[in-house]
Structures are given as C-alpha cells and as structure tokens.
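So you can see what is in the structure, the chains are spelled out below.
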Amino acid sequence: MFTIVVVKVVAAVVAVLVVATVVEVVVVVVVVVVVTVVEVMVVVVVVVVVVTVVEVMVVVVVVVVVRVVAIALVVAVHAAA
C-alpha cells in the first residue's frame, strides 16, 4: 500500500516536472522568436530611416551644388560680356 502511494506521488511529481519543462521550453522559444522579430523590425526601420535621410541629404547637396554652379556660370557669362 505504501509503495503504491510512493509510486503515485513520484509519478505525479515527474508529470508536473515534464509539463513545467515543456511549458518553459515553449515560453523560451516564443520569447526568442518575438525578440528576434522585433530586432529585425527595428533594424529594418533604422536602415530605412538612415537610407532615406542619406538620400534626402544627397538630393539637397546636389541641388545646392547645381544652383551654385549655375549662378557661377551666369556671373561668369555676364562678367565676360
């Protein structure tokens, strides 16, 4: 009788440990996946923002340079005339 009770208690403890381990593994996997997805999204957003800012800066610099060159050419033509 005592042996049956001990076996049942041990079986219950093992079952609880197995379930807890499975739940822990599932939680860890879910957390890792969520964190990885968030990291990827953050990296993508940062890259998109940086690329957009660089593109805008390049366009602004090109426009300014073209205008300065155009003004210099106009001044040079008028000075030569």
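Quick caveat, the model's predicted, so the values are computed rather than measured. (Residues numbered from 1 in each chain as written. Predicted model: local features only at pLDDT ≥ 70, side-chain atom pairs only at ≥ 80, totals over all residues. Heavy atoms only, no water.)

Points about the overall build of the protein chain
Going by this rule: Labels follow the DSSP assignment, with helices taken as runs of H or I lasting at least four residues and strands as runs of E lasting at least two, numbered in each case from the N terminus. Three exposure classes are used, based on accessible area relative to the maximum for each residue type with a 1.4 Å probe and protein chains only: buried under 20%, partly exposed in between, and exposed over 50%. Exposure was quantified through the Shrake-Rupley algorithm and a 1.4 Å probe, taking into account, for residues, occlusion by the shown protein chains and nothing else.
In terms of regular secondary structure, the protein chain is built from 1 helix and 0 strands. Principal axes of the C-alpha set define a box for the protein chain whose edges measure 120 × 5 × 5 Å. The 81 residues of the protein chain split such that 0% are buried. Carbon together with sulfur atoms contributes 89% to the accessible area of the protein chain, which is approximately 7,000 Å² in total.

Side note on the environment of valine 56
For valine 56, the position within the fold is in helix α1 (residues 2-80). Sequence separation between valine 56 and valine 29 is 27 residues; the distance between their C-alpha atoms is 40 Å.

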